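Fold and geometry: a report
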Amino acid sequence: MQDIQEIGVVHNDMPEPMDPHEMRQEESVIEIHERYADGLYRIEDNRYIQVVFRFHRSESYELRGATYSGEVKGVFASRSPHRPSGIGVTTARLLRRDGTVLHVKGLDAVDGTPVLDVKPYAPSLDETEQRQAAREHTKASPRNEVMRLIRTHAVEELLLRAGEFHGHFCPGLAMGVMAAVHAVRQMSWRSDGMEHVVAIVETNNCFADGVQYVTGCTLGNNALVFRDLGKTAFTLADRDGMGIRIAVRPREPEQDDAFAELFRKVVKDREGTDEEEARFKRLARQRSFELVKRDVEKMFTVEEVSVDLPPYAPIHDSVICAACHEPVMATRTVEQNGRRLCLSCADRSYRELTGNGIQCPD
């Protein structure tokens, strides 16, 4: 059996292990030993390479333990660096080659890591299975990719994805994304849509959509509470009521007469032309991506709070309305002339959430 050889060593500014998602944001160099130099011939033809290395700082392992997401898994079902063989594999971007030195980005290995092998990433061989693996991973943990972006503080990427949910880019959405990223990072919580973590929003405008996307607390999974206070603020709290509240700071209006005028015509008065609406969207998009680069603590107040949370959402039986014959939550029915009717068929008032807040229509 051929012995495993060390072919090179990693050099970077990461002397200690840290969150691998954060490590992948940094650049590293791989210094290949001179005797293997000829093996690098034309490696620069590849944009990505796979690096096989040894976890030289890992002295022991456990067959079962907690992952970064908090789930308990076996070592062979996780990416733990504490492994019986002590071998890691990462796909990294090859930035350039200088002789026997490879400059890469995306390598989650600390300074001094021994490299065992380098080979090109081959889309025809790797991508089909990787895409399927990614799909299966998302099925098992839908929020995993969002949490990775939060941990690496990829706010711009999160804004891009929140825009898919919200429908457009605007400063309000950007502020919601910024505030939510800061809160989740501060509290180190992840929502699984089971109401263990609750977000309380104090407005029902664009800001709230940014909060919903990033925190994973939504109206649909009952982990979002709406308090009709009209403030650009929200609280992220654990079930014990302890949490963090983030609210926008008062600030002087920015001198952007063109944007303000377009906002008035297009959004407030609904009188803008198609051309003005297109121009408004372009300016709003530009301002949004400029906004997420600002210092969060200069834009928002951040404080630890204790809040009263509603209990877990109850599960109600459904009944069939005697008039429209549609299934309806039992608590949203009334008894009328010996028949069980939904509120609309009984012509009873009900609450609704609109752009004006929570109201009870006539």
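The structure contained in this document is the topic of the report that follows.

**Side note on the overall build of the chain**
A count of helices and strands for the chain gives nine helices and 19 strands. Viewed in the frame of its principal axes, the chain has a C-alpha envelope of about 90 × 55 × 40 Å. Here the chain holds 362 residues, and the buried ones make up 39% of them. For the chain, the share of sequence-separated contacts (at least 6 apart) that also reach a separation of at least 24 residues comes to 68%. When the accessible surface of the chain is summed, it comes to about 22,100 Å², and 48% of that surface belongs to carbon and sulfur atoms. For the chain, the centre of its 47 positive side-chain charges and the centre of its 58 negative side-chain charges are spaced 2 Å apart.

**A look at the pattern of salt bridges**
Pairing is possible between side chains that carry opposite charge, provided their charged atoms lie close to one another. The full count for this structure, using the stated rule, is 17 salt bridges. Two residues, D108 and R24, come together in a salt bridge whose shortest N-O distance is 3.7 Å. Highlighted residues: D108 in the loop between β7 (101–105) and β8 (114–120) and R24 in the loop between α1 (20–23) and β2 (27–32), separated in sequence by 84 residues. With a relative accessible area of 28%, R24 lands in the partly exposed category. Members of the salt-bridge network, linked through shared partners, are E145, R148, E157 and R161.

**Things to note about the packing of helix α4 (residues 155–166) against helix α5 (residues 171–187)**
Contact pair α4 / α5: the axes reach a minimum separation of 10 Å and the direction vectors enclose 125 degrees. Accordingly, the angle class assigned to the pair α4 and α5 is oblique. The way α4 lies across α5 gives a crossing that is right-handed. Residues V155, L158, L159, A162, G163 and H166 of α4 touch α5, and the partners they reach there are L173, A174, V177, M178 and V181. Broken down by class, the residue content of the contact of α4 with α5 amounts to nine nonpolar, two polar and no charged.

**Points about the side chain of H182**
Position of H182 among the secondary structure elements: in helix α5. In this view, H182 contacts I246, V296, E297 and V302; residues no more than four positions away in its chain are not counted.

**So, the layout of surface pockets**
In this model, the second largest pocket occupies a volume close to 1,300 Å³. Taken together, the elements giving at least two residues each to the lining of the second largest pocket come down to α5, α6 (206–215), β10 (224–226), α7 (257–268), α8 (274–291) and β18 (352–354). Among the elements that make up the lining of the second largest pocket, the one with the highest residue count is α8 (seven residues). For the lining of the second largest pocket, the class distribution of residues is 22 nonpolar, 12 polar and 12 charged.

**Examining the sheet that holds β2**
The strands that make up a sheet pair up through hydrogen bonds in the backbone, lying either parallel or antiparallel. In spatial order, the strands read β1-β2-β7-β6-β3-β8; together these six strands close into a barrel with antiparallel pairing. Direction aside, the axes of adjacent strands within the sheet are offset by 45 degrees on average. As paired strands, strand β6 (residues 87–98) and β7 are joined by five bridges and run antiparallel to one another. Paired with L94 across the strands is V104, a residue of β7.

**Overview of the packing of α5 against α6**
At their nearest, the axes of α5 and α6 sit 7 Å apart, and the two run at 35 degrees to each other. For the pair α5 and α6, the crossing hand works out as right-handed. Side by side, α5 and α6 meet where G172, L173, M175, G176, V177, A179, A180, V181 and V184 of the first sit next to C206, F207, D209, G210, V211, V214 and T215 of the second.

**Some words on the pairing of β2**
Going residue by residue along β2, you find S28, I30 and I32 tucked away on one face and E27, V29 and E31 left uncovered on the opposite face. Of the strand pairs in this sheet, strand β1 (residues 8–11) and β2 are connected by four bridges, and their pairing is antiparallel. The partner of V10 across the bridge, within β2, is I30. For β2 and β7, the ladder comprises five bridges, and the chain directions are antiparallel. Its bridge partner being in β7, S28 is matched across the sheet by V104.

The rules behind each value
Residues numbered from 1 in each chain as written. Predicted model: local features only at pLDDT ≥ 70, side-chain atom pairs only at ≥ 80, totals over all residues. Heavy atoms only, no water. Helix = DSSP H or I, 4+ residues; strand = E, 2+ residues; numbered from the N terminus. Buried < 20%, exposed > 50% of the residue type's maximum accessible area, 1.4 Å probe, protein only. Contact = heavy atoms within 4.5 Å. Areas by Shrake-Rupley, 256 points an atom, 1.4 Å probe, with all protein chains shown as cover. Lys, Arg positive; Asp, Glu negative; His and termini not counted. Charge placed at Lys NZ, Arg CZ, Asp CG, Glu CD. Salt bridge = Lys/Arg side-chain N within 4 Å of Asp/Glu carboxyl O. Axes fitted to C-alpha atoms, helices over the stretch in contact; angles between N-to-C directions. Parallel < 35°, antiparallel > 145°, perpendicular 65-115°, else oblique. Left-handed = near helix turned anticlockwise from the far one by under 90°. Nonpolar A, V, L, I, M, F, W, Y, C, P; charged D, E, K, R; others polar. 1 Å grid on protein atoms, 1.4 Å probe; cavity = no way out; pocket = protein on both sides within 12 Å on 5 of 7 lines; lining within 4 Å. Points joined across faces, edges and corners; volume = space filled by probe spheres on them. Pairing = 2+ DSSP bridges.

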